[in-house]
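Spelled out, the chains give:
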Amino acid sequence: GAGVSQSPSNKVTEKGKDVELRCDPISGHTALYWYRQSLGQGLEFLIYFQGNSAPDKSGLPSDRFSAERTGGSVSTLTIQRTQQEDSAVYLCASSSLGRTAVQYFGPGTRLTVT
Amino acid sequence: AQKVTQAQTEISVVEKEDVTLDCVYETRDTTYYLFWYKQPPSGELVFLIRRNSFDEQNEISGRYSWNFQKSTSSFNFTITASQVVDSAVYFCALSEEVRSALTFGCGTRLQVQ
């Protein structure tokens with residue numbers, strides 16, 4: 001079956017521009033996570049969606065970052081007024097409801113802010 | 001607060017050697033879950049194993065084995081008879097409840113020559 005997909009795979013943007021990153025989770029997975037992987041900070045949690053519950057936004061680094069999940073499936077991570085320190089690989093993961101609840105990751109979007 | 005420490009930043013071995021990747025964790029919860037993920041040069045994180053805090057049985061899967069010891073808060077990963085295809089960055093991770101966010105260690109880069 002299809003895994004988690006993310007688009008675009010690479011994004012280069014100028015400082016100050018807004019960007020949108022997309023994640024398509026595994027079909028039927030109710031939980032969706034965004035993480036960021038950068039050289040200086042390693043793998044960091046950003047935000048978590050579970051079904052219709054309010055998202056856990058505790059990992060978002062600033063109010064320039066936001067995310068939404070429409071129809072309980074596709075998610076979009078938006079970064080406004082990008083800064084050079086936002087350059088990183090943005091990873092999306094999804095997991096099913098149940099005891100296993102392993103998070104399966106997508107290939108990531110590499111964001112470069114120039 | 002939860003924390004995962006992978007003290008080995010980089011390990012280099014010769015093919016067919018055994019290698020152990022260390023992982024030490026901190027948590028205040030009695031119920032938690034430990035994971036190992038592999039990140040090959042292609043970049044995608046690949047799930048390897050998940051253990052819950054109530055199951056301290058060691059696990060073996062082919063050339064891979066995991067040693068979970070609550071007494072030392074460690075969840076070490078051993079690759080037996082390493083192969084070039086094992087070259088990757090390996091991450092240990094912790095979550096404190098099912099489906100919660102993962103806290104990752106910094107990763108150990110394994111180079112098999």
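Higher on the page you've got the structure.
Residues numbered from 1 in each chain as written. Chains lettered and ligands numbered in written order. Predicted model: local features only at pLDDT ≥ 70, side-chain atom pairs only at ≥ 80, totals over all residues. Heavy atoms only, no water.

## Points about the overall build of chain B
Across its full length, chain B carries zero helices and 12 strands. Starting at the N terminus and ending at the C terminus, chain B contains elements arranged as β-β-β-β-β-β-β-β-β-β-β-β. Relative to the compact-globule value of 13 Å for 113 residues, chain B shows a C-alpha radius of gyration of 14 Å, a close match. Its C-alpha atoms put chain B at 40 × 25 × 20 Å along the principal axes. Each of the 113 residues in chain B was classed as buried or not, and the buried ones make up 47%. Across chain B, every contact between residues at least 6 apart in sequence was considered, and the portion connecting residues at least 24 apart equals 55%. Total accessible area on chain B stands at roughly 5,600 Å², and carbon and sulfur atoms take up 46% of it. (Helix = DSSP H or I, 4+ residues; strand = E, 2+ residues; numbered from the N terminus. Rg over C-alpha atoms; globule rule 2.2 N^0.38 Å. Buried < 20%, exposed > 50% of the residue type's maximum accessible area, 1.4 Å probe, protein only. Contact = heavy atoms within 4.5 Å. Areas by Shrake-Rupley, 256 points an atom, 1.4 Å probe, with all protein chains shown as cover.)

## Some points on the overall build of chain A
Scanning chain A for helices and strands turns up zero helices and 10 strands. Its helices and strands in sequence order give chain A the pattern β-β-β-β-β-β-β-β-β-β, from N to C terminus. The C-alpha radius of gyration of chain A comes to 13 Å, within 12% of the 13 Å expected for a compact globule of 114 residues. For chain A, buried positions account for 49% of its 114 residues.

## Quick word on the packing of aromatic side chains
As enumerated under the stated definition, the model contains 20 aromatic pairs over all chains in all. Put simply, the rings of Y33, Y35, F45, Y48, Y104 and F105 of chain A together with F35, Y37, F47, F91 and F104 of chain B pair up and form one aromatic cluster. (Phe/Tyr/Trp six-rings, centres within 6.5 Å; stacked < 30°, edge-to-face > 60°.)

## Focus on the pattern of salt bridges
Evaluation of the coordinates by the stated rule reveals six salt bridges over all chains. Between R64 of chain A and D86 of chain A there is a salt bridge; the shortest N-O distance is 2.8 Å. Separated by 22 residues along the polypeptide, R64 of chain A in the loop between β5 (42-50) and β6 (65-69) and D86 of chain A in the loop between β7 (75-79) and β8 (88-95) bring together distant segments of the chain. We note that R64 of chain A, like D86 of chain A, is buried. For D55 of chain B, the salt bridge is made with R51 of chain B, and the minimal N-O distance between the two is 3.2 Å. Look at D55 of chain B and you get partly exposed, because its relative accessible area is 26%. With a relative accessible area of 7%, R51 of chain B lands in the buried category. (Salt bridge = Lys/Arg side-chain N within 4 Å of Asp/Glu carboxyl O.)

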